[in-house]
Amino acid sequence: MKETHPPKKQTKQPSIHAGHRQRLKKQFLEHGAESFQDHQLLELLLFYVVPQRDTNPIAHELLRCFGSLDGVFSASSEELTQVTGITENGAILLRLLPELQRRISVSRETQQKFSTIEDVAEYLWPFFQGIRQERAYLLCLNQRDQIVGCDLLAQGNEKSVNIDPSLLVELALRHKANWVVVAHSHPSGFAIPSESDLYTTLRCRDVLKALNITLRDHLIFADDDYLSMKQSNML
């Protein structure tokens, strides 16, 4: 009888991607983000929401669709989930990071004195970065020029936001503010107040004045520019 032998098992060749995630993590720990290209940073980030898939093509597709890292992190959840490989969890992570960065920037200087409008503008700027809808905030300060509160007054659409003077008064009284600054954004335009902006500002000023609270300024932010109504003799 002819002797037979069991077929030899095929040796599986190691994937070119084997250990890739670990190598990328090690590179980040040893050399930091400066050693990464933009798509590699996205690739690394997506490891934590895409556990069993090559995230490199997803990172490239995100940059292709939105043009830059700023575009990716400014995109809406609905837009992000249109990209193949981006789930709801992935969209939440990408939307969460710029919000965290804004909170970090804001929290750094809470106890410093804000004696100039330039100080206030620098503090408020992160609140509006990467936001596509108009937003309005109220910054409340005490008699020592220190922040005692910073609250979202309203969120509108790409072209307008409505500020409620009664809410402004409520927040100013709650924080026992001595003076306040209103700030809002024009993400799709210029840092120039509309007639509605001017009317609302003067109305808020008069309401606060009756309570012995000073409306120090109303700042309008647009891209890399801002306007102070006080410095522009509009308040």
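Placed above this text is the structure.
Structural notes, computed from the coordinates. (Residues numbered from 1 in each chain as written. Predicted model: local features only at pLDDT ≥ 70, side-chain atom pairs only at ≥ 80, totals over all residues. Heavy atoms only, no water.)

**Here we look at the overall build of the chain**
Of the regular secondary structure elements, the chain holds 9 helices and 5 strands. Ordering the α and β elements of the chain from the N terminus gives α-α-α-α-α-α-α-β-β-α-β-α-β-β. Across the chain, contacts joining residues at least 24 apart in sequence account for 58% of those joining residues at least 6 apart. Carbon and sulfur atoms provide 50% of the accessible area of the chain, an area that totals close to 14,600 Å². (Helix = DSSP H or I, 4+ residues; strand = E, 2+ residues; numbered from the N terminus. Contact = heavy atoms within 4.5 Å. Areas by Shrake-Rupley, 256 points an atom, 1.4 Å probe, with all protein chains shown as cover.)

**Structural notes on the sheet that holds strand 4 (residues 214-222)**
Spatially, the 5 strands line up as an open sheet ordered 2-1-3-4-5, and their pairing is mixed. The sheet is open, and its two borders are formed by strand 2 (147-155) and strand 5 (225-228), each paired with just one other strand. In this sheet, adjacent strand axes meet at a mean angle of 20° when their direction is disregarded. Pairing analysis gives 4 bridges linking strand 4 to strand 5, with the strands arranged antiparallel. Bridge pairing links Ile 220 to Leu 227 in strand 5. Along the sheet, helix 7 (residues 117-124) contacts strand 1 (135-141), strand 2, strand 3 (179-185), strand 4 and strand 5; its crossing angle with strand 4, the most-contacted strand, is approximately 50°. Relative to strand 4, helix 9 (residues 195-209) is tilted by about 155°, and along the sheet it contacts strand 3 and strand 4. (Pairing = 2+ DSSP bridges. Axes fitted to C-alpha atoms, helices over the stretch in contact; angles between N-to-C directions.)

**Details of the pairing of strand 1**
Of all 7 residues that make up strand 1, 7 are buried, and the element is covered over most of its length. Across the two faces of strand 1 the burial is the same, with Arg 135, Tyr 137, Leu 139 and Leu 141 and Ala 136, Leu 138 and Cys 140 all buried. Here strand 1 pairs with strand 2 via 7 bridges, running antiparallel. Residue pairing across strands places Ala 136 opposite Ala 154, the latter belonging to strand 2. Connecting strand 1 to the antiparallel partner strand 2 that follows it, the hairpin turn spans 5 residues, and Asp 145 within it adopts a positive phi of roughly 65°. Direction of pairing for strand 1 relative to strand 3: antiparallel, over a ladder of 6 bridges. Of the residues in strand 3, the one forming a bridge with Leu 139 is Val 181. (Buried < 20%, exposed > 50% of the residue type's maximum accessible area, 1.4 Å probe, protein only.)

**Here we look at empty space enclosed by the protein**
Scanning the model with the defined rule gives 1 cavity of 30 Å³ or more in all. Quantified by volume, the largest cavity comes out at close to 40 Å³. Elements with a minimum of two residues in the lining of the largest cavity: helix 9 and strand 4. The residue inventory of the lining of the largest cavity, partitioned by class, reads 5 nonpolar, 3 polar and no charged. (1 Å grid on protein atoms, 1.4 Å probe; cavity = no way out; pocket = protein on both sides within 12 Å on 5 of 7 lines; lining within 4 Å. Points joined across faces, edges and corners; volume = space filled by probe spheres on them. Nonpolar A, V, L, I, M, F, W, Y, C, P; charged D, E, K, R; others polar.)

**Observations concerning the environment of His 186**
Tracing the backbone shows His 186 in the loop between strand 3 and helix 9. Overall, His 186 belongs to the buried group, its relative accessible area being 11%. Of the polar contacts made by the side chain of His 186, one reaches the backbone oxygen of Phe 190; its length is 2.8 Å. (Polar contact = N/O pair within 3.5 Å; in protein donor to acceptor, adjacent residues only side chain to side chain.)

**Quick notes on helix 9**
In a regular helix each residue adds 1.5 Å, so 15 residues correspond to 21 Å; helix 9 covers 21 Å between its end C-alpha atoms and thus fits that length. Here helix 9 has its buried residues at Asp 197, Thr 200, Thr 201, Cys 204 and Leu 208. Across the axial projection of helix 9, the buried residues extend over an arc of 105°, all falling on one side. Among the exposed residues of helix 9, those pointing more than 90 degrees away from its buried face are Glu 195, Tyr 199 and Lys 209. (Expected span 1.5 Å × (residues − 1). Arc of directions from axis to C-beta.)

**A look at the nonpolar core**
Grouped together as the largest cluster of nonpolar side chains are 24 residues, with contacts concentrated most on Leu 138, Leu 153, Leu 168, Val 180, Val 182, Leu 208 and Leu 215. For this core, the secondary structure elements donating two or more residues are strand 1, strand 2, helix 8 (165-174), strand 3, helix 9 and strand 4. At 4 residues, helix 8 tops the list of elements feeding residues into this core. In this structure Val 182 touches Tyr 137, Leu 138, Leu 153, Ile 163, Leu 168, Leu 215, Asp 217, His 218 and Leu 219, once residues within four positions along its chain are discounted. Of all hydrophobic cores here, the second largest spans 18 residues; its members include Leu 42, Leu 45, Ala 91 and Leu 93. (Core = buried A, V, L, I, M, F, W, Y, C linked by side-chain atoms within 4.5 Å.)

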